[in-house]
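# Working through the structure, step by step
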Amino acid sequence: MKAVAVVGGSLAGLSAARALRKQGFDGSVTIVSDETRPPYDRPPLSKSFLAGATTEGEIALLGDGEDLGAAWRTGVTATRLDPRGRRVELSDGTALAVDGLVIATGARPRRPWPRMPAGVDVLRTLDDALGLRARLVPGARLVVVGAGFIGAEVASTAHGLGVEVTVIEAAPTPLSGPLGIDIGAVVSALHADHGVRLLSGVGVAGLVGAAQIEGVELTDGRTVAADAVLLGVGVQPNVEWLTGSGLPLTGGVQCDSYGATGIPNVVAVGDCATWYDRELGAYHRIEHWTAARERGAIAVSSLLSGGTVRVEGRPPYFWSDQYGCTLQVAGHTSGAESATVEEGSVQDRDFLAVYRRGGEPVAVVALGHSRSFMRWRKQLARRAVSVPPSALSR
């Protein structure tokens, strides 16, 4: 293998490029990025960077003087993969001839309406954050559509800036998907604890305003006045350019448990990839920072070895900072049969809960209790390594 292209220049792609060099690949590496900015860290975009407490330089992912010996193609996108010709065609009309390919094209926020008035934002890029930050002035009215983790973090940040915030969530219990109904209700109660209005169990019928947003119309007939709206209703994997390549694309680029696709010498990582999860017995796409950072090395090991080297990953992990509290989650909460509070109190918003299936721990969630959480996270990792795949996939 002499030439590898990494299509995607954010954390997952950058992690893969670093892994290529760390694992001894000395051929040419080309990194394709649709942004013109150098790679940056995305978690601060909804928190410290949005609040103006962190600068662009402080969220840069490339270290000072870091040299990956890579050619960067910025401001362009991949438009087609020709697996037989081993070519990646780009939006500027050029093409890359490659022996190996890392797909890391990420995902983009869903936009329920094709045309939206000014003042309606999504949050994915640094430019998105700069645009939203300009609207978050004291006294402004912000409506957040979607009470997931990004929406909750933006609501928390905006509240801290003196903005009047309303959060709208179609599900009866916010965060019930990733956390379950009981724990989801406790975490989402942080909004009310801090004076942020949460309207759950109601959807959005439309936006009010022609040139400029004026409000959000709800499915129950109410209208919530707004000077700004953030849409946080999920993301869509950027995989359209792979149509016709022969790769299965249901829910993202389908991969085995080590990032390998059905095409030799092609792997996928990050938000665009859905890896087979043996514990769940299904393909599963993880959109969190830790997976983007860690899975690049796993996929590169598979790529460079032709699939003969298989590095086991750790159970999923993510965190969310809201209203001065840090929520941490490790493992798979989905499919758990019970969730019990082992430490602290949900009433005090200071607790550690363990999720179990068949009597065995499969996930841990904590507000606070960092030391205990780390012990449980390590225990989950040891279990994932020690239990054979046949047992995990039952």
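Not measured: the values here are computed from a predicted model. (Residues numbered from 1 in each chain as written. Predicted model: local features only at pLDDT ≥ 70, side-chain atom pairs only at ≥ 80, totals over all residues. Heavy atoms only, no water.)

### Thoughts on the packing of aromatic side chains
- Evaluated as defined, the whole model comprises 5 aromatic pairs.
- Between Tyr-276 and Tyr-283, the ring centres sit 5.4 Å apart and the planes meet at 80 degrees, which makes this aromatic pair edge-to-face.
- On the accessibility criterion, Tyr-276 (31% relative accessible area) is partly exposed.
- Its relative accessible area of 42% is what places Tyr-283 among the partly exposed residues.
- Counting every residue linked through ring pairs, the aromatic cluster contains Trp-289, Tyr-317, Trp-319 and Phe-373. (Phe/Tyr/Trp six-rings, centres within 6.5 Å; stacked < 30°, edge-to-face > 60°. Buried < 20%, exposed > 50% of the residue type's maximum accessible area, 1.4 Å probe, protein only.)

### Brief notes about helix α2 (residues 126-135)
- Every buried residue of α2 is accounted for by Leu-126, Ala-129 and Leu-132. For α2, the buried positions fall inside an angular range of 125 degrees around the axis, keeping them on one side.
- Along its buried surface, α2 packs onto β9 (120-121), α3 (149-160) and β16 (228-231). (Helix = DSSP H or I, 4+ residues; strand = E, 2+ residues; numbered from the N terminus. Arc of directions from axis to C-beta. Contact = heavy atoms within 4.5 Å.)

### Quick look at the domain arrangement of the protein
- The domains assigned to the protein are domain 1 (3-108 + 236-305), domain 2 (111-231) and domain 3 (324-386).
- A straight line from the C-alpha centre of domain 1 to that of domain 2 covers 30 Å.
- On the domain 2 side, the residues contacting the 17 residues of domain 1 number 15 residues.
- Carbon and sulfur atoms make up 60% of the area that domain 1 and domain 2 hide from each other, which totals about 1,400 Å².
- Taken as a group, Ser-46, Phe-49 and Leu-50 account for 40% of the area that domain 1 buries against domain 2, more than any other trio of residues on that side.
- Between Lys-47 and Glu-153 there is a salt bridge whose closest N-O contact spans 3.7 Å.
- Where domain 1 packs against domain 2, one counts 8 residue pairs in polar contact (both at pLDDT 80 or more). (Domains from an automatic or database assignment. Buried area = accessible area lost by both parts, 1.4 Å probe. Salt bridge = Lys/Arg side-chain N within 4 Å of Asp/Glu carboxyl O. Polar contact = N/O pair within 3.5 Å; in protein donor to acceptor, adjacent residues only side chain to side chain.)

### Comments concerning the sheet that holds strand β4 (residues 78-82)
- Reading across from one edge, β4-β5-β6 is the order of the 3 strands in this open sheet, with antiparallel pairing throughout. The outermost strands of the open sheet, each flanked by one partner alone, are β4 and β6 (95-97). Across the sheet, the mean angle from the axis of one strand to that of its neighbour is 20 degrees, orientation sign disregarded. (Pairing = 2+ DSSP bridges. Axes fitted to C-alpha atoms, helices over the stretch in contact; angles between N-to-C directions.)

### Topic: the pairing of strand β14 (residues 215-218)
- By the bridge criterion, 4 bridges tie strand β13 (residues 204-208) to β14 in an arrangement that is antiparallel. Paired with Val-204 across the two strands is Leu-218, which belongs to β14.
- Two successive antiparallel strands, β13 and β14, enclose a turn made up of 6 residues, where Gly-209 displays a positive phi of approximately 125 degrees.
- The pairing of β14 with strand β15 (residues 223-225) spans 3 bridges and is antiparallel. Paired with Val-216 across the two strands is Val-224, which belongs to β15.
- Hairpin connection of β14 to β15: 4 residues between the antiparallel strands, including Gly-221 at a positive phi of 100 degrees.

### Looking at the side chain of Ser-46
- With respect to the helices and strands, Ser-46 occurs in the loop between β2 (28-33) and β3 (70-74).
- From its side chain, Ser-46 meets the backbone oxygen of Pro-43 in a polar contact 3.4 Å long.
- Look past the residues within four positions of Ser-46 in its chain and what remains in contact with it is Leu-123, Ile-150, Glu-153, Val-154 and Thr-157.

### Quick notes on the sheet that holds β14
- Taken together, 3 strands build an open sheet; the order of strands is β13-β14-β15 and the sheet is antiparallel. Each edge of the open sheet is held by one strand with a lone partner, namely β13 and β15. Across this sheet, the average inter-strand angle for adjacent strands is 20 degrees, counted without regard to direction.

### Considerations on the environment of Gly-27
- As for its placement among the helices and strands, Gly-27 is situated in the loop between α1 (11-22) and β2.
- Setting aside its immediate chain neighbours within four residues, Gly-27 contacts Lys-2 and Arg-21.

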